[in-house]
Amino acid sequence: MAVPKRKMSKARRDSRRANWKLTAPGFVSCPQCHEPKMPHRVCPECGYYDGREVVAADE
């Protein structure tokens, strides 16, 4: 069974774990209603995508 010959230092261990971070999702403003929405998705507020209504919005 493989066993490490030397103890791994805290700096080496922590630098390996440094890339385990979450990234915040990017938001864009809807060109119709100017509410924040995820890019390349139908706006949940107005139901528009690419300049046309895709989903009927609830009034």
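Computed from a predicted model, the values in this text were never measured in an experiment.

Each helix and strand in the protein was counted, giving one helix and four strands. Starting at the N terminus and walking to the C terminus, you meet the elements of the protein as α-β-β-β-β. Relative to its length of 59 residues, the protein is extended, with a C-alpha radius of gyration of 23 Å against a globular reference of 10 Å. Looking at the protein as a whole, 8% of its 59 residues are labelled buried. Counting contacts in the protein only where the partners sit at least 6 residues apart, residues at least 24 apart contribute 0% of the total. Working note: accessible area of the protein is about 5,900 Å², and carbon and sulfur atoms make up 53% of it. Considering the protein, the positive charge centre built from 12 side chains and the negative charge centre built from 7 side chains are found 35 Å apart.

Here R52 shows up in strand β4 (residues 52–53). The sequence separation of R52 and F27 amounts to 25 residues, and the corresponding C-alpha distance is 20 Å.

You can see S15 is positioned in helix α1 (residues 10–16). Side-chain polar atoms of S15 contact the backbone oxygen of R12, separated by 3.0 Å.

Overall, the coordinates contain one salt bridge when judged by the stated rule. Across the pair D14 and R13 runs a salt bridge, and its minimum N-O distance is 2.9 Å.

Next up on the list: the confidence of the model for the protein. One rule of thumb: low pLDDT means the predicted coordinates there are not for detailed reading. Chain-level statistics for the protein give a pLDDT mean of 90 and a share of 95% at 70 or above. Within the protein, α1 carries the highest mean pLDDT (95), whereas β4 carries the lowest (85).

Right, let's get into unusual backbone geometry. Phi angles above zero are rare outside glycine, and H34 is one such case at about 65 degrees. Inspection of the secondary structure puts H34 in the loop between β1 (28–29) and β2 (36–37).

What counts and what doesn't
Residues numbered from 1 in each chain as written. Predicted model: local features only at pLDDT ≥ 70, side-chain atom pairs only at ≥ 80, totals over all residues. Heavy atoms only, no water. Helix = DSSP H or I, 4+ residues; strand = E, 2+ residues; numbered from the N terminus. Rg over C-alpha atoms; globule rule 2.2 N^0.38 Å. Buried < 20%, exposed > 50% of the residue type's maximum accessible area, 1.4 Å probe, protein only. Contact = heavy atoms within 4.5 Å. Areas by Shrake-Rupley, 256 points an atom, 1.4 Å probe, with all protein chains shown as cover. Lys, Arg positive; Asp, Glu negative; His and termini not counted. Charge placed at Lys NZ, Arg CZ, Asp CG, Glu CD. Polar contact = N/O pair within 3.5 Å; in protein donor to acceptor, adjacent residues only side chain to side chain. Salt bridge = Lys/Arg side-chain N within 4 Å of Asp/Glu carboxyl O. pLDDT = per-residue confidence, 0-100.

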